[in-house]
Amino acid sequence: MSLITSLTKRQPATTSSDPARDIREKDGRLAFWLVVPSLIVLTIVIAFPVVWSFVRSLYGDGIGATPFVGGDNYANALWGNGSAEFWDAARFTYFFTAVSVVLEVLIGVAMALVANRAFRGRGLLRASVLVPWAIPTAVAAVLWKWAFDPNGIVNAVTGWDLIWTGAEGPSTVAIIVADVWKTAPFVALLVLAGLQIIPEDVYEAARLDGANARQQFLRITLPLVRPALLVAILFRLLDALRMYDLPAIMTGGANGTTTLSVLVVQSSLSQLKPGYGGALATLTFLLIFITAFLFVRMLNVNAVEQAGVRTPRKKDSE
Amino acid sequence: MTTRTPEPTIKGARWRAKKSVHHGSRLSMIGQNAALAAIIVFCLAPFYWMVVSSLKSPDEIFDNSLVPAEPTLLNYEAVFGAENTFVYALRNSFVIAGSVTIIALLFGVLAAYAIARLQFRFKTTVLALFLATSMFPGAAILTPLFQLFAKLGWIDTYQAMIIPDISFSLPLGVWILTSFFRAMPWELEAAARVDGCSRGQAFRKIILPLAVPGVFTTAILVFISAWNEFMIANSMSQTPDAQPVTVAIAQFTGVSQYDKPYGTQMAAGVIVTIPLIILVLIFQRRIISGLTAGGLK
Amino acid sequence: MRTTQRIAMVAAGTAAVLALASCSSDASGDADPSDGSPAAEDAEGVGPITFASGKDLTGAMPQLIEMWNEMHPEQEVTFLELSASPDDQRTSFVQDFQAQSGNYDVVWGDVVWTSEFAARGWLEPLDAEAVAGDDILPAAVESATYDGQVWAAPFMTNAALLFYRSDLIDTPPTTWAELREDCAIAEENDMQCYAGQFAQYEGLTVNAAEAITSAGGAFLSEDGASVAVDSPEAREGLQNLVDMFDEGQIDPAAITFQEQESANAFLDGSTLFLRNWPYVYTAASEEGSEIAGKFDMTVLPGIDGPGSSSLGGINLGVSAFSENKQTAKDWVEWMQSDEAQRVLVSVMNQASVRTDLYTDPEMVEVSPYLPNLQESLMNAVPRPRTPNYNAVSLAIQQNAYAALQGDVSVDEAITTMAADLELAIAE
């Protein structure tokens, strides 16, 4: 009896019998109590400021008076006076995100694979991987800023004579290098944790079937760490799209390295235009939301669905 | 898309919390060691440069010698300064990041369990909601929260930093934990239920220990992201009583207002990074040995 | 059961928090200046206050506060030291003002912030006779004035100097043409000729302003209400810097220079001329310096004669939301006193706003650059005074930077700058 319930519980979506519905209701109630605390916390911390920013974005930024202006701030950013700035920032933000996330994933996965298989030096490796991630971003940005100085260590080691932060291309490279170094470990740590719960028997079985290393990686490792990897990419994506400190410290947004977040800070805090800044923040949010949505849809990053080692099931839409 | 999981091989698999079985020839052994070295260099070379810079005196800090000619602890003395407020800053950072980690894990584990294991309506919506909170530019939530906390008299208190930090650490925690819980061998839970365990007991005794690598990884990631947070802390803290290390580092100065105290900042970076690494290594050993002792093979 | 209760409590708490918050959103600051000046001129408003300043490098602030607190035990000043970064300081002030919390009774700020804060009703108007009298440098007073009213007490001031290698140059140049001729000497000695601050940040606004005002140009009209940059003079001024980059009289790497990098280039002996603030004197003359005894200072060059420096410095403002405004006003006034300013010069090593201290033998002994600095200060021009200073400065930086990089012609850069400034002051 209990065996049957536990089995149906594992796959309620494929079972359409009445007990399953009971379970679903019971599940629903329990789930409600488990999820609600987190939702309440997030409502206070996020919903309130977001709504505040949005409401504020509908008002002007005049000195002395802030009249209701409706969508003017948005129009200004999208096709008005601020549009060149806004779209330039959007373009740079996406370019930066695409390049650095791809590099971070490649390097991060490679690190995790090596770390997972290493016998000796495992502790050292783990510790080293953690180092870049553990250094406060503000300090890391200063480190890289001086490293990329015309008289800095990067030019000294490579023998080049580049003015890194004096032109668009090199500035972009410098910021991407700093970001990849800092956050590839984030990807590595997540993937490594995913790798560690793959049972060795799976590989043994595959080897008995004559699978080579590449096949093992593509057929076993990758599908099994996929959930962890996709979550890592998703969060890197969100973070990179909101990038602020590295360009702020390394270039101050000069040389076309103004990201959307730098623009938000520039408007709302530096130029004391919370209305326009609120509009930029909301637009940034929308862009990121759409990007994340497409990413989740296209790659089927469904934490709900990606059981990894579960029996394949149909999509359990709400 | 989800059908490529090699389901047949999994059945009856023996699960291990940790595995380090090496397979491959001598050649791949060499390749592996090379890869190992490459990774260590990639991660540590800039850090090495940081340590070297921190040991140089102001006179030689901008020469590019790879070893300090006359190593000095001047920068480290400068970090702790006459008033030693950096010690308070370290304490504050531990309190803030620690609280954030505990809260995010506590709430996160519950929510992730529900999302991974229970059937309920609006699950996708809930998950999307968690994600959406990580999409708003951090700077934009500062002003409203500052005004709110100013009204509550919370400026310069721990909670004024802990609560906003949760906005990014809780979603991170929920998503990572959910992905790990999904990959858990829930057959074991079922078996435990057969043996008469309640759902809660099965979770505590079987699933949670198995999830430890995932939970631990999440804890590290969350702790460090809270530890490194600057923008919120810089707004919400005003005195050394509440300022975390990132804010304290921003207060370092050179000999003039125009000199950025590069050496001191590097020294501070080293000081805040090394304890973190040691802490993680100690915890890691504990947890892994704890698992092996638990006999979860 | 218990859980339900607890969650209900949490929910109620949330509602309360949100209700509170919605009250706060309509009071988001931006009040009219006239609202911000309540009739608090009476004897009320006396009591302890908090003074927020940027990081103090020297221990002068605690010393000043102790002096005051001993004299006024009932009106103690608490010192709140903020980040070393001016941007971070400004963010802290802005947030505090927007929340109208009054946590900071007195704030210190860069001279260009005074108009920004005053226009938004965040500062308390001050009595011109008390804090802007004849004994205070006129340029500093001007920087604290907005819309015909004094809004802050000038506390310390600053102007740029031209540092040069006296071992290589006999008579320092007074015009740009002379300076560029002297670049031949740099070439002979395998040195860079001239360094300033040309990275895209506030320092570039300062350098571009000097180039343009020294050539007779200006960014905005006197009252800050209209754009004046679209002129041949402004073009001539900027062109001069661009030509120096083109001809290698300025190191290409200087496009990344802020104060520190440019000072390093002079301190290591590789640069002939440096435009920087007086602080470089200390590092250049201390024992072990490569150029100790081999350098001197003069005023910045201009087109036909000496040029004009941008004015730096710090003004002290009283928060419109302070509860003890009377004490706050007395404190800023005392900070200008002879007694306090002597501490400023001798301990903090900063330039005083009091005219008489520049010729005081005791002070000149400590800081030999004072006579030069006074001359520079006499000709110093405040940066544009406008409530939209930040947007104005960004427009200047971005366009000047593009011209220095050679991405656009000077003519185009000035035309675009004028258009961008028009938008910046309109907003």
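Calculation criteria
Residues numbered from 1 in each chain as written. Chains lettered and ligands numbered in written order. Predicted model: local features only at pLDDT ≥ 70, side-chain atom pairs only at ≥ 80, totals over all residues. Helix = DSSP H or I, 4+ residues; strand = E, 2+ residues; numbered from the N terminus. Contact = placed C-beta atoms within 7 Å. Buried ≥ 20, exposed ≤ 12 C-beta atoms within 10 Å, placed from the backbone. Nonpolar A, V, L, I, M, F, W, Y, C, P; charged D, E, K, R; others polar. Domains from an automatic or database assignment. Axes fitted to C-alpha atoms, helices over the stretch in contact; angles between N-to-C directions. Parallel < 35°, antiparallel > 145°, perpendicular 65-115°, else oblique. Left-handed = near helix turned anticlockwise from the far one by under 90°. Pairing = 2+ DSSP bridges. Core = buried A, V, L, I, M, F, W, Y, C linked by C-beta atoms within 7 Å. pLDDT = per-residue confidence, 0-100.

In this section: the overall build of chain C. When you go through chain C residue by residue, the secondary structure sums to 17 helices and twelve strands. Considering only intrachain contacts with a sequence separation of at least 6, the fraction spanning at least 24 residues in chain C is 75%.

Once that is clear, we can look at the overall build of chain B. In terms of helices and strands, chain B carries twelve helices and zero strands. Along the chain direction, N to C, the helices and strands of chain B fall in the order α-α-α-α-α-α-α-α-α-α-α-α. Of all 297 residues assigned to chain B, the portion counted as buried reaches 51%. For chain B, the share of sequence-separated contacts (at least 6 apart) that also reach a separation of at least 24 residues comes to 75%.

Attention now goes to the interface of chain A and chain B. Facing 105 residues of chain A, the contacting portion of chain B comprises 102 residues. A total of 19 residues in the side of chain A that touches chain B trace back to one element, the largest contributor, which is helix 2 (residues 18-57) of chain A. Class assignment of the residues belonging to the side of chain A that touches chain B gives a composition of 73 nonpolar, 20 polar and twelve charged.

Residues and elements named next belong to chain B. Per the domain assignment, the segments making up chain B are domain 1 (22-72) and domain 2 (74-293). Each of domain 1 and domain 2 has a C-alpha centre, and the two are 28 Å apart. Contacts between domain 1 and domain 2 engage nine residues on the former and eight residues on the latter. Class assignment of the residues belonging to the side of domain 1 that touches domain 2 gives a composition of four nonpolar, four polar and one charged.

Residue and element names in this part refer to chain C. Looking at the assigned domains, one finds that chain C contains domain 1 (49-158 + 311-378) and domain 2 (159-310 + 383-426). Measuring from the centre of the C-alpha atoms in domain 1 to the corresponding centre in domain 2 gives 27 Å. Taken together, the contact between domain 1 and domain 2 spans 17 residues of the former and 19 residues of the latter. Classifying every residue of the side of domain 1 that touches domain 2 gives eight nonpolar, six polar and three charged.

So, on to the packing of helix 10 (residues 213-241) of chain A against helix 7 (residues 159-182) of chain B. Across the interface, helix 10 of chain A lies against helix 7 of chain B with an axial gap of 9 Å and an inter-helix angle of 165°. When the axis of helix 10 of chain A is compared with that of helix 7 of chain B, the two are roughly antiparallel. Helix-helix and strand crossings are classified by hand; for helix 10 of chain A and helix 7 of chain B the assignment is right-handed. Taking contact as the criterion, the partners of Pro227(A), Ala228(A), Val231(A) and Phe235(A) in helix 10 of chain A are, on helix 7 of chain B, Leu172(B), Trp175(B), Ile176(B), Ser179(B) and Arg182(B). A breakdown of the residues in the contact of helix 10 of chain A with helix 7 of chain B according to their chemical character gives seven nonpolar, one polar and one charged.

This part is about the environment of Ser310(C). Residues and elements named next belong to chain C. Following the sequence through the fold, Ser310 ends up in the loop between strand 10 (295-298) and strand 11 (311-318). Linking Ser310 and Gln149, residues 161 residues apart in sequence, is a C-alpha distance of 22 Å. Those residues in contact with Ser310 that lie beyond four places of it in its chain are Ala160, Val206, Ala209, Glu210, Ala380, Val381 and Arg383.

The subject of this paragraph is unusual backbone geometry. In this model, Asn255(A) sits at a positive phi of 60°, which is unusual for a non-glycine residue. The topology assignment puts Asn255(A) in the loop between helix 11 (245-250) and helix 12 (260-270). Given 28 C-beta atoms within 10 Å, Asn255(A) falls into the buried group. Despite not being glycine, Gln100(C) shows a phi value in the positive range, around 50°. Assignment of secondary structure puts Gln100(C) in the loop between helix 3 (86-98) and strand 3 (106-110).

Moving on, we get to the sheet that holds strand 6 (residues 153-159) of chain C. Residue and element names in this part refer to chain C. The strand order 2-1-3-11-6-12 describes an open sheet built from six strands, whose pairing is mixed. In this open sheet, the two edge strands, each paired with only one partner strand, are strand 2 (77-81) and strand 12 (351-352). Alignment of strand 3 against strand 11, held across five bridges, turns out to be antiparallel. Bridging across to strand 11, Trp108 finds its partner in Leu316. Across the sheet, helix 12 (residues 325-335) touches strand 1 (49-53), strand 2, strand 3, strand 6 and strand 11, and the angle it forms with strand 11 is around 150°.

Attention now goes to the sheet that holds strand 7 (residues 161-165) of chain C. Residues and elements named next belong to chain C. The strand order across the open sheet formed by four strands is 8-9-7-10, and the pairing between neighbours is mixed. What marks the edges here is a single partner per strand, and that holds for strand 8 (192-195) and strand 10. Along the sheet, successive strands turn relative to each other by an average axial angle of 15°, direction set aside. In this sheet, strand 10 lies alongside strand 7 in antiparallel orientation, the contact comprising four bridges. Paired with Arg165 across the two strands is Phe295, which belongs to strand 10.

Residue and element names in this part refer to chain C. Burial analysis of strand 3 places five of its five residues in the buried class, the great majority of the element. In the sheet, strand 1 pairs with strand 3 via two bridges, with the strands oriented parallel. Among the inter-strand pairings, Ala52 is bridged to a residue of strand 3, identified as Val107.

Before going further, it helps to examine the nonpolar core. Residues Ala188(A), Leu190(A), Val191(A), Ala232(A), Val106(C) and Leu238(C) are the most contacted members of the largest nonpolar core, which totals 321 residues. Leave out the neighbours within four places in its chain, and Ala188(A) touches Gly108(A), Met111(A), Ala112(A), Ala115(A) and Val129(A).

Assignment of secondary structure puts Thr165(A) in the loop between helix 7 (153-158) and helix 8 (168-196). Looking at Thr165(A), the number of C-beta atoms within 10 Å reads 26, which means it is buried. Between the C-alpha atoms of Thr165(A) and Thr97(A), which are 68 residues apart in sequence, the distance is 19 Å. With residues near it in sequence (within four places) discarded, Thr165(A) still touches Phe148(A), Ser171(A), Ala174(A), Met250(A), Thr251(A), Asn255(A) and Thr256(C).

On to the confidence of the model for chain B, then. Residues and elements named next belong to chain B. Looking at chain B, the pLDDT average stands at 80 and 86% of residues meet or exceed 70. Here helix 1 (residues 7-10) is the element of chain B with the lowest mean pLDDT, 35, and helix 4 (residues 85-117) is the one with the highest, 91. Here residues 1-23 scores under 50 on pLDDT; set against residues more than four positions off or in separate chains, the count is 41 contacts. With pLDDT under 50 throughout, residues 290-297 is counted as low confidence; its partners more than four residues away or in other chains account for eleven contacts.

A pair of packed helices can be characterised by two numbers: the angle between their axes and the separation between those axes. All names here are of chain C. Running from N to C, helix 8 (residues 202-214) and helix 16 (residues 389-405) cross one another at 75°; their axes reach a closest spacing of 9 Å. By the angle between their axes, helix 8 is roughly perpendicular relative to helix 16. Facing helix 8, whose interface residues are Glu202, Leu204, Thr205 and Ala208, helix 16 presents Ser393, Ile396, Gln397, Ala400 and Tyr401. Per-class residue counts for the contact of helix 8 with helix 16 are five nonpolar, three polar and one charged.

This part covers the environment of Ser237(B). Residues and elements named next belong to chain B. With respect to the secondary-structure elements, Ser237 resides in the loop between helix 10 (231-236) and helix 11 (245-250). A sequence separation of 37 residues divides Ser237 from Ile274, and the C-alpha atoms of the two residues are 24 Å apart. Contacts of Ser237, omitting those with residues within four sequence positions, involve Asp156, Met161, Ala242, Gln243, Pro244 and Val247.

Before going further, it helps to spend a moment on the confidence of the model for chain C. Model confidence for chain C is summarised by a mean pLDDT of 87, while 90% of its residues fall at 70 or above. Note on the complex model: pTM 0.86, ipTM 0.82.

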